Amino acid sequence: MSSEVSRRLVQRPWGGLGADLERSDWHDAAMPADLHPSLVDAATTPYWLDRPTRPAPRAAYDVNGTADLCIVGGGFSGLWTAILAKERDPSRDVLLLEGNRIGWAASGRNGGFCAASLTHGHANGVQRWPDEIETLERLGRENLDAIEETLERYGVDCDFERPGAITVATEPHHLEWLRDMVEGDPDATYLDEDAMRAEVSSPTFLAGVLEPHGMALVDPARLAWGLAAAAESLGVRIHEGTHVTGVARGGSGVDVRTASGAVVRAAKVALGTNAFPSLVRRLRLHTVPVYDYALMTEPLSPQQLDAIGWRGRQGMDDMTNQFHYFRMTRDHRILWGGYDAVYHFGRHVRPSYDQRPETFDLLARQFFTTFPQLEGLRFSHRWGGAIDTCTRFCAFFGTAYAGRAAYALGYTGLGVGATRFGADVMLDLLDGVDSERTRLEMVRTKPLPFPPEPFAFTGVQLTRWSLAAADRNGGRRNTWLRTLDRLGLGFDS
Ligand SMILES: Cc1cc2nc3c(=O)[nH]c(=O)nc-3n(C[C@H](O)[C@H](O)[C@H](O)COP(=O)(O)OP(=O)(O)OC[C@H]3O[C@@H](n4cnc5c(N)ncnc54)[C@H](O)[C@@H]3O)c2cc1C
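Remember, predicted model here, so these are calculated numbers, not experimental data.

Draft legend 1. Quick peek at the overall build of the protein. Of regular secondary structure, the protein possesses 13 helices and 18 strands. Taken against the 2.2 N^0.38 rule, which gives 23 Å for 493 residues, the C-alpha radius of gyration of the protein at 22 Å falls within 12% of a compact globule. For the protein, buried positions account for 62% of its 493 residues. Expressed as a percentage of contacts within the protein between residues at least 6 apart in sequence, the contacts between residues at least 24 apart total 78%.

Next up, the structure:
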């Protein structure tokens, strides 16, 4: 994602903002009486996972055994760790345990924006680590190039493309923010209203900024499935349906215990468990799961495509705190997501939270306000998923169990690309490698934890309310947001 796209994501770490401030878990069953007709037949599974080509489940792990490296989690974090571990040392015995299915969670249900940024955007990175931002951005570009090269090398077919990004202004006060974006970025092009609408036609677009580099688009589920196949081709053992219930020191390594009672004695463990409760208990306050929602349209007809333009197929978002992200698929569907993002009291991750009819209804209405020329188009899929938000909005890293386990967490909605970098960091830490990565302040420091309940819920809701108010008030931030800004928890515009 472009640096500025991500910069503004930093302003809204809870994703988008719900219109309501009530406890969101009181609303889960609510179905608006006037659910938008375009949604009536939409499947409630993530589009990317709803494919006949989804690989059959792999067997669960059910015997006691050993491994040089045991990886917990079969999303991008775990899969990249598996591949890189084998590439570094082909003789290493690598076992990956996934509690559900490969790529079923965030990795298989995201927008597919694969950004070069490791810091959730330039502004967040430069604010926190001004002395190393150039290194971080170079490492991010190298990481994205390496993703492309790896996919080619293993023949991973996931519609990887690099069309660049466009950020659009939809309110007059965004225009100044857009001009700030292009300042100092020789790659960025300012698109005035006519130029913007010539690129992608919408009556709500007042201007835009085109950034041709720094972001790729992928089909995320096929990326996860392809990475799993690549890992297996290198000799990685993958087991699905294997929930890990605990990790403890054992002998000179770590014992990884599964729900079926099987134990893996592993020399090292890498944890890629994202928004799910961490197996390192002390980390549980460091992230909160925030639910983000998306819709997928049916494929557009040639006439509908003509009506919107968008020949450059760029990944797009808008500038409000309650932002939308949107993109085309290879078969000319539009993914439309964001705006509402919901934190449930108690840090819970539950399947029922993946569906939120009132959010889908709102997203559908906003879609047709943006693209009225597509009235009559229907959505084929509607879904949500949990994002692991931390207070600094980009990943943090570390070790536990006397250096025998490593973790990378807190990607905060921008982990499709950055998880590969995080995998390299975890392996550096486990292998005791002194690298450019491990010397980074970003890698050596940790974000402040969130408070326990009820303070976490209250703080998130107050922040959501404040960001929504800022959107209504020409971007002006209230005392609460300015206080968070001062504490380094804020969302500087
Ligand atoms: C709706 C949505 C849209 C998003 N859009 C984007 C985007 O466009 N661009 C972007 O960069 N990022 C986006 N993200 C974020 C991105 O998807 C994540 O940062 C990334 O996929 C994280 O990968 P992961 O492997 O760490 O986590 P996950 O994909 O969540 O994988 C973690 C895995 O660990 C497993 N697990 C957890 N605990 C255990 C256990 N105890 N035992 C066994 N297995 C366990 C889970 O079952 C899961 O499969 C989005 C996220 C969502 C939800």
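Draft legend 2. Seen up close, the environment of L409. Relative to the assigned elements, L409 resides in strand β18 (residues 405-409). Separated by 20 residues in sequence, L409 and T389 place their C-alpha atoms 8.7 Å apart. The residues contacting L409, other than those within four sequence positions of it, are T273, N274, S278, L283, T287, D388, A395 and F396.

Draft legend 3. Local environment of the pairing of strand β16 (residues 379-389). With respect to burial, β16 is a largely interior element, eleven of its eleven residues being buried. Relative to β16, strand β12 (residues 288-297) is paired through ten bridges, and the arrangement is antiparallel. Looking at β16, one finds that T297 is bridged to F379.

Draft legend 4. A look at the side chain of D292. By the element assignment, D292 lies in strand β12. Side-chain polar atoms of D292 contact the side chain of Y325, separated by 2.7 Å. D292 has contacts with Y325, G338, D340, W383, G384, G385 and I387, leaving out every residue within four places of it along the chain.

Draft legend 5. Layout of the site of the ligand. The environment of the ligand is made up of 35 residues, and the closest members are S77, E98, W104, S107 and F113. Here an oxygen atom of the ligand sits 2.8 Å away from a polar atom, N or O, in the side chain of W104. Here the ligand, which alone exposes 1,000 Å², has 97% of that area covered by the protein. Of all the elements in the fold, those that place two or more residues in the shell around the ligand are α2 (76-88) and β16. It is β16 that contributes the most residues to the shell around the ligand, three residues altogether. Of the residues assigned to the shell around the ligand, the class counts are 14 nonpolar, 18 polar and three charged.

Calculation rules
Residues numbered from 1 in each chain as written. Predicted model: local features only at pLDDT ≥ 70, side-chain atom pairs only at ≥ 80, totals over all residues. Heavy atoms only, no water. Helix = DSSP H or I, 4+ residues; strand = E, 2+ residues; numbered from the N terminus. Rg over C-alpha atoms; globule rule 2.2 N^0.38 Å. Buried < 20%, exposed > 50% of the residue type's maximum accessible area, 1.4 Å probe, protein only. Contact = heavy atoms within 4.5 Å. Pairing = 2+ DSSP bridges. Polar contact = N/O pair within 3.5 Å; in protein donor to acceptor, adjacent residues only side chain to side chain. Near = heavy atom within 4 Å. Areas by Shrake-Rupley, 256 points an atom, 1.4 Å probe, with all protein chains shown as cover. Nonpolar A, V, L, I, M, F, W, Y, C, P; charged D, E, K, R; others polar.

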